[in-house]
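Secondary and tertiary structure notes
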Amino acid sequence: MTTTAQDLQSLIQSAFQDRDRLSDPAVRAAVEETVARLDRGELRVATKIDGTWQVNAWVKEAILLYFAIRPMETMEVCSLEFHDKVPVKRDLAKAGIRVVPPGIARYGSFLEPGVILMPGYVNIGAHVGAGTMVDTWATVGSCAQIGKGVHLSGGVGIGGVLEPPTASPVIVEDGAFIGSRCIVVEGVVVEEEAVLGANVVLTSSTPIVDVTGPEPVITKGRVPARSVVIP
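**Examining the overall build of the chain**
Secondary structure summary: the chain contains four helices and 25 strands in total. For the chain, whose C-alpha radius of gyration is 18 Å, the value lies close to the compact-globule estimate of 17 Å for 231 residues. Taken over the C-alpha atoms alone, the chain extends approximately 60 × 40 × 30 Å along its principal axes. Burial analysis of the chain (231 residues in total) assigns 46% to the buried set. About 11,200 Å² of surface is accessible on the chain, with carbon and sulfur atoms providing 54% of the total. Distance between charge centres in the chain, computed from 20 positive and 26 negative side chains, equals 2 Å.

Next up, the structure:
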């Protein structure tokens, strides 16, 4: 019988409140299955519903529990050796994604077909949309949600937001362009087709000043769609 998402959620939430439950094989299997579904793109850390992004906190809880149950192990990829708890993604050709050495996508992340990952990094829980370019030395942090047709230029740092589980991840919506060496952290949302010029740094408290009207308008934590932001 197929385990439903509701079944997984119940087991994960109970174990997150009581770590002793991790000794239960059914709970450990639920953690493994949740991360496997993340890896296959069947679950997401955050989803957009009626125009609003909503965090699936129990999925982030599963990631945290995954670290707790996984042993450290040595992993070899060609001549590279790693020592970690989480393996790298496999079956890249079958998934229709291009990964240029030494680019790394961690197991539990999901890259849609057509993604190009240069020598950068995509962490567990992240979701990267079709046709997106993760350019050289760009990093996509844990649980970040990157839309379709996005360009993350060289050296871009998209922050990871794993704890607390209820915290919103960094979100970059479809068609956005993130310029070289930009940093976007603390759950900032970059809306569709927005452009960030090189070296823009955005945190949840960074003032974003709209000067298109008669008076400046200051917002924080969200870059409006199709806007252009410079340092």
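From this point, the narrative continues.
**Quick word on the nonpolar core**
Residues Ile 146, Leu 152, Ile 158, Ile 178, Val 190 and Leu 196 are the most contacted members of the largest nonpolar core, which totals 34 residues. Apart from the residues lying within four places of it in its own chain, the contact partners of Ile 178 are His 151, Leu 152, Ser 153, Val 156, Val 172, Val 190 and Leu 196. Grouped together as the second largest cluster of nonpolar side chains are 26 residues, Ile 12, Ala 30, Val 31 and Ile 63 included.

**Things to note about the packing of helix 2 (residues 25-40) against helix 3 (residues 57-69)**
Contact geometry for helix 2 and helix 3: axes closest at 9 Å, N-to-C directions at 115°. Pair helix 2 / helix 3 crosses with left-handed handedness. Taking contact as the criterion, the partners of Arg 28, Val 31, Glu 32, Thr 34, Val 35 and Leu 38 in helix 2 are, on helix 3, Trp 58, Val 59, Ala 62, Ile 63, Leu 65, Tyr 66 and Ile 69. Considered class by class, the residues forming the contact of helix 2 with helix 3 number 10 nonpolar, one polar and two charged.

**So, the side chain of Ser 109**
For Ser 109, the location among the structural elements is in the loop between strand 6 (104-105) and strand 7 (110-111). From its side chain, Ser 109 meets the backbone oxygen of Arg 106 in a polar contact 2.6 Å long. Setting aside residues no more than four positions away along its own chain, Ser 109 makes contact with Leu 38, Asp 39, Lys 89, Val 122, Asn 123, Ile 124, Gly 125 and Ala 126.

**Some details on the sheet that holds strand 20 (residues 195-196)**
Read across the sheet, seven strands follow the order 5-8-11-14-17-20-25 without closing on themselves; strand pairing throughout is parallel. Where the open sheet ends on each side, the last strands, each with one partner, are strand 5 (98-99) and strand 25 (228-229). Where strand 11 (residues 133-134) and strand 14 (residues 151-152) come together, two bridges link them in parallel fashion. Directly across from Met 133, in strand 14, lies its bridge partner His 151.

**Structural notes on the packing of helix 1 (residues 5-17) against helix 2**
Viewed as axis vectors pointing N to C, helix 1 and helix 2 meet at an angle of 120°, and their least axial separation amounts to 9 Å. The orientation of helix 1 relative to helix 2 falls into the category oblique. Taken as a pair, helix 1 and helix 2 cross one another with a handedness that is left-handed. In this structure, helix 1 uses Ala 5, Leu 8, Leu 11, Ile 12 and Ala 15 to contact helix 2, whose residues at the interface are Ala 26, Val 27, Ala 30, Val 31, Glu 33, Thr 34 and Arg 37. Taken together, the residues that form the contact of helix 1 with helix 2 break down as nine nonpolar, one polar and two charged.

**Structural notes on the packing of aromatic side chains**
Enumeration according to the criterion identifies one aromatic pair in this entry. With a centroid separation of 6.3 Å and an interplanar angle of 40°, the aromatic rings of Tyr 66 and Tyr 107 are classed as tilted. In this pair, Tyr 66 sits in helix 3 while Tyr 107 sits in the loop between strand 6 and strand 7, placing the two residues 41 residues apart along the sequence. The buried category is assigned to Tyr 66, whose relative accessible area is 1%.

Cut-offs applied
Residues numbered from 1 in each chain as written. Predicted model: local features only at pLDDT ≥ 70, side-chain atom pairs only at ≥ 80, totals over all residues. Heavy atoms only, no water. Helix = DSSP H or I, 4+ residues; strand = E, 2+ residues; numbered from the N terminus. Rg over C-alpha atoms; globule rule 2.2 N^0.38 Å. Buried < 20%, exposed > 50% of the residue type's maximum accessible area, 1.4 Å probe, protein only. Areas by Shrake-Rupley, 256 points an atom, 1.4 Å probe, with all protein chains shown as cover. Lys, Arg positive; Asp, Glu negative; His and termini not counted. Charge placed at Lys NZ, Arg CZ, Asp CG, Glu CD. Core = buried A, V, L, I, M, F, W, Y, C linked by side-chain atoms within 4.5 Å. Contact = heavy atoms within 4.5 Å. Axes fitted to C-alpha atoms, helices over the stretch in contact; angles between N-to-C directions. Left-handed = near helix turned anticlockwise from the far one by under 90°. Nonpolar A, V, L, I, M, F, W, Y, C, P; charged D, E, K, R; others polar. Polar contact = N/O pair within 3.5 Å; in protein donor to acceptor, adjacent residues only side chain to side chain. Pairing = 2+ DSSP bridges. Parallel < 35°, antiparallel > 145°, perpendicular 65-115°, else oblique. Phe/Tyr/Trp six-rings, centres within 6.5 Å; stacked < 30°, edge-to-face > 60°.

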